[in-house]
Every structure is written in structure tokens, then in C-alpha cells.
Amino acid sequence: MADALSIELLTLLFFGLLFLFIMLGVPLAFVLGGLSVIFLYFEQGPIAFYLIASKMWDLMETSSLIAIPLYVFMAMLLERSGVAHDLYRMMHLWWGGLRGGLAIGTVGICTIFAAMSGISGAAVVTMGTIALPQMLKRGYDKRLALGAINAGGGWGILIPPSILMVLYALISEVSVGQLFAAGVGPGLLLFLLVSLYIGIRCWFQPHLGPAMPKEERADWGEKLRALSAVLLPVFIIFIVLGAIFGGFATVTEAAAVGVFGALVASAVNRRLSWGVITVSVQRTFRLTTLIAWIVFAAHAYSTAYTAMGAESFITGITEQIPGGKWGALAFMMFVLFLLGMVLDPVGIMLITLPVFLPLVAAHGFDEVWFGILFVVMMEISYMTPPFGFNLFYLRSVAPPGVTMKDIYWSVGPYTAVELTGLFLIVLFPAIALWLPQQIF
């Protein structure tokens, strides 16, 4: 097949069919796996079936994958533990008196949730259920409130622990611990930038995020008592990240410790029951199985594209891009941004990384630093139309008055803010690299 068609035509056919079948509604795992088998068969003959099976077997033997169901289970438990309700009440009391304060507080809760869970959907669904109706009731602009939840919810894959970082480390063979440490600075930077955007905009346009009336604000005693809501989340974050950064546990072992912390949080809030555990386990199995099949299929897809000569093709393209290594980096970020609008982040990772990582090494970029840029772009992909996952998570829990059009239009300013954060990380690599250099 490679002899009959050039790599350019093969690339067009390979990705064209991918997008066609996705648009037709075929599940991503079937599209990736099916195309990889067909193209590899015409490329290498019947041995292609053995090649794909052996690749899947190698992937299944990777111990780092055990961390994924554990982090998912932890997130599912936290979603039902009552921690989010207590956190929102605390943020409501402390920030409600400021213009845009409820939105800033919601973003803060998303940041804390990101440091507890490792997946994106947990914070979006929880804050969409708890915070969104309260903000709308207080007269907040729909798009401002929706965008805040959408943006903050995506940080679950950037602020450690992060399932996507585990997968990136698996493919790139860099340290998961270093990636986790590198995600802290960029995560806090994005929280600061989004909070500044909300605060500044609501200061000049008070009707977008009105402050609570003075008679409804809490006194200092009530505020201080509400701070106890932070103790359980800080406990979970401390035992998970402290175990990793302190060298007491691997990422997988720390995930198990995190599950224990989530069980403790549920028990303390009197939400722990067999029903909660059963539902959490069932949802964990469903989500983990979905991730696993996409990982296996996308791994086969990237293997097929590499076998067709993708590496030399992409390298040739980047050599023609003006701007040297920075032009190549901009090209890779642009490709990720476009793919993020239509593909699952795990699929994007396993399709692009085998091609991008050799370019990263060739241009002398730090792979941990590039991993953070990659994850930030994937976080942006969670919130960008038409197929950003957070958009549909939010739609599933939004009040009746919120339309899909509102959700789509809400992401524009927040996407610009997060791209600004990405530019700052490119300009000042120490934002990502300082902490891992200090710890490791």
C-alpha cells in the first residue's frame, strides 16, 4: 500500500477516514482499532494482527496503568462524600461579598478538586450541580458562570494527581513524579489568571457578577467556623502528593492512599455506605474500561501510522516551518488545538506523541516541560467546541434555562485566558520546571 500511495496521500486517507467515522458517530475505540488493523494489514500483511496484539499485551503489563482506576475511584467517592458542598459553603461565605466572588470561589473549589481527583469531569459535574444554580439565582451572567466552571473543571488533568500525566509518562518514559511536580506551578498560574479575569471584568461590569447584599454576608465567627471544610481536602491532598514528593510511595501506591483518604472523608461526612461504594465501583469500572479500550486502540493507531513512515513525514514538514524550533513548537501546539476540538485527549495523546516526541528531542526541548504544555492543551480541548467533554458534562447538569449555545459561547474568553497562561509557561519554563528541580 505504501508503494502504491505516497505518505502524503496515506496521511490524508488515514486521518480523513478517522474524522469521517467519528462524525458518523462510530465509537472512538472501534474507529482507531479498525483503521489501524486495515492499514497495517495492507502495509505488512497478516503479521499486522500479531503486531497489534503484542502491542496491547505490552501495554497491559505496564504497572503505571493500575493508578488509573484508583484515581477514578477516588474521584467518584469524593463526588458523593459531601466535601464539595462544605467547600462551596465556605467559599460562599468568604468570597460572596466581592463582585464576581462566587465565580472566583467556584474556580478555587475546582482547583482543590483537581488536586484531589485526577480527572476532569468530577469538578464540572459537582460544581455544575451545586454552584451554577446559586450563581444564577444571585444574578450572575450565565456565560461568565458557565465558563468559570468549564475552565476550572479542566484542571483535574493538570494539577496533580493526573491520569493524563500517568499516560504521558508511560509513552514518553519520563518520571511521573517530576510531571506531577511540574503541574503545580502552571495549575496555580491558570487559577490566578482566570480569577483575575473574573475579578477585573466584574469590577468594571458589576451586573455580570453582583456582590451579595451586606445583610446576607456572614460575620467573622461564621467564616472561621466554615474554614473547617478545608481540612478534609487538605488532608487528602497532603497524603497523596506528600507520599509521592516525599519519596514514600510510587504514583500507584499514592493512588491507593488517596482512595483511603476519600473513604475517610466520606465516613467523616457520614456519607459512606455500601450503596455509595457500589455505585462508585460501577462507575469506575465503566470509565476505566472506556479509557483502557481507547488507550489500546489509539496505541495500535499510532503504531500503524508510524509503520507508514509518519516520523520522517512529520519531521520533513516541521523542517519547512519558518521559525526554527519555536516555529515547530507553535505548529505542534496548533495541531493539538485543532485535534482537541474533535478528539478525545487520550486518543490525541496516543496518536500524536509517537510523532511529536522525536521532534521535541531533536529540538532540545525538555520532555517534562513539553508534557506540561501538552496537558495544558488537552485541558483546553476539554472546554472547546464542538466536542469538548466538559461542555457535555456541564449540559447534563445545567438548569433548564441554560442552552448548549450558552455553554458554547461561554468558553471563548476563558480559552483566551488559558492560552495566555500557555504562552507564559513557554516564555518562562521555570513556572513548570522549578518545583521538580527542587524536589528531584
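Residues numbered from 1 in each chain as written. Predicted model: local features only at pLDDT ≥ 70, side-chain atom pairs only at ≥ 80, totals over all residues. Heavy atoms only, no water.

(A) Spatial organisation of a nonpolar patch on the surface. On the surface, Leu192, Leu196, Ile200, Trp203 and Phe204 cluster together to form a nonpolar patch covering roughly 590 Å² of accessible area. With respect to the secondary-structure elements, tryptophan 203 resides in helix H10 (residues 176–204). (Patch = residues over 30% accessible without salt bridge, like charges linked within 9 Å, V, L, I, M, F, W, Y side chains within 5 Å. Areas by Shrake-Rupley, 256 points an atom, 1.4 Å probe, with all protein chains shown as cover. Salt bridge = Lys/Arg side-chain N within 4 Å of Asp/Glu carboxyl O. Helix = DSSP H or I, 4+ residues; strand = E, 2+ residues; numbered from the N terminus.)

(B) Structural view of helix H13 (residues 251–268). Between its first and last C-alpha, H13 extends 25 Å over 18 residues, near the 26 Å set by a 1.5 Å rise per residue. Burial in H13 covers these residues: Val251, Ala254, Ala255, Gly258, Val259, Gly261, Ala262, Ala265 and Ser266. One side of H13 holds all its buried residues, which, seen down the axis, span an arc of 165°. Every exposed residue of H13 that faces more than 90 degrees away from the buried side is listed here: Phe260 and Val268. Of the surrounding elements, those touching the buried residues of H13 are helix H4 (67–79), helix H5 (83–95), helix H9 (163–172), H10 and helix H12 (231–245). A positive phi of about 60° marks arginine 270, the residue just after H13. (Expected span 1.5 Å × (residues − 1). Buried < 20%, exposed > 50% of the residue type's maximum accessible area, 1.4 Å probe, protein only. Arc of directions from axis to C-beta. Contact = heavy atoms within 4.5 Å.)

(C) Highlighting the nonpolar core. Membership of the largest hydrophobic core comes to 151 residues, with the highest contact counts inside it found for Leu18, Tyr71, Ile198 and Phe370. Leave out the neighbours within four places in its chain, and leucine 18 touches Val31, Leu32, Leu35, Tyr301, Leu343 and Ile351. (Core = buried A, V, L, I, M, F, W, Y, C linked by side-chain atoms within 4.5 Å.)

(D) Structural detail: the packing of helix H6 (residues 101–114) against helix H8 (residues 142–153). Interhelical geometry of H6 versus H8 gives an angle of 20° and a closest axis separation of 8 Å. What the angle tells us is that H6 and H8 run roughly parallel. The way H6 lies across H8 gives a crossing that is right-handed. When H6 is examined against H8, the residues Ala103, Thr106, Val107 and Cys110 are found in contact with a partner set consisting of Ala148, Ile149, Gly152 and Gly153. Here the contact of H6 with H8 is built from residues that sort into five nonpolar, three polar and no charged. (Axes fitted to C-alpha atoms, helices over the stretch in contact; angles between N-to-C directions. Parallel < 35°, antiparallel > 145°, perpendicular 65-115°, else oblique. Left-handed = near helix turned anticlockwise from the far one by under 90°. Nonpolar A, V, L, I, M, F, W, Y, C, P; charged D, E, K, R; others polar.)

(E) Here's a closer look at the state of the cysteines. Using the criterion set out here, one finds zero disulfides in the structure. Among the cysteines around cysteine 110, which has no disulfide bond, cysteine 202 carries the closest sulfur, lying 16 Å off. (Disulfide = S-S within 2.5 Å.)

(F) Region of interest: the environment of leucine 263. Locating leucine 263 in the fold gives a position in helix H13. Exposure remark for leucine 263: the relative accessible area of 27% places this residue in the partly exposed category. On a C-alpha basis, the gap between leucine 263 and isoleucine 321 in space is 52 Å, while along the polypeptide they are 58 residues apart. Those residues in contact with leucine 263 that lie beyond four places of it in its chain are Leu77 and Leu272.

(G) Geometry of the pattern of salt bridges. Summed over all chains, the structure comprises two salt bridges. With its nearest N and O atoms 3.1 Å apart, the salt bridge here joins aspartate 406 to lysine 142. One end of the pair, aspartate 406, is in helix H20 (residues 404–427); the other, lysine 142, is in helix H8, with 264 residues separating them in the sequence. Given a relative accessible area of 8%, aspartate 406 falls into the buried group. Here lysine 142 falls in the partly exposed class, since its relative accessible area comes to 32%. Here aspartate 406 makes a salt bridge to arginine 143, at a shortest N to O gap of 3.9 Å. One end of the pair, aspartate 406, is in helix H20; the other, arginine 143, is in helix H8, with 263 residues separating them in the sequence.

(H) Focus on helix H18 (residues 367–381). Taking 1.5 Å as the rise per residue, H18 with 15 residues should run 21 Å; its terminal C-alpha atoms sit 20 Å apart, in good agreement. For H18, a buried count of 14 out of 15 residues is recorded, marking the element as mostly surrounded by other parts of the structure. Of the residues flanking the start of H18, the one acting as N-cap is aspartate 366, its side-chain oxygen 2.8 Å from the backbone nitrogen of valine 368. (Polar contact = N/O pair within 3.5 Å; in protein donor to acceptor, adjacent residues only side chain to side chain.)

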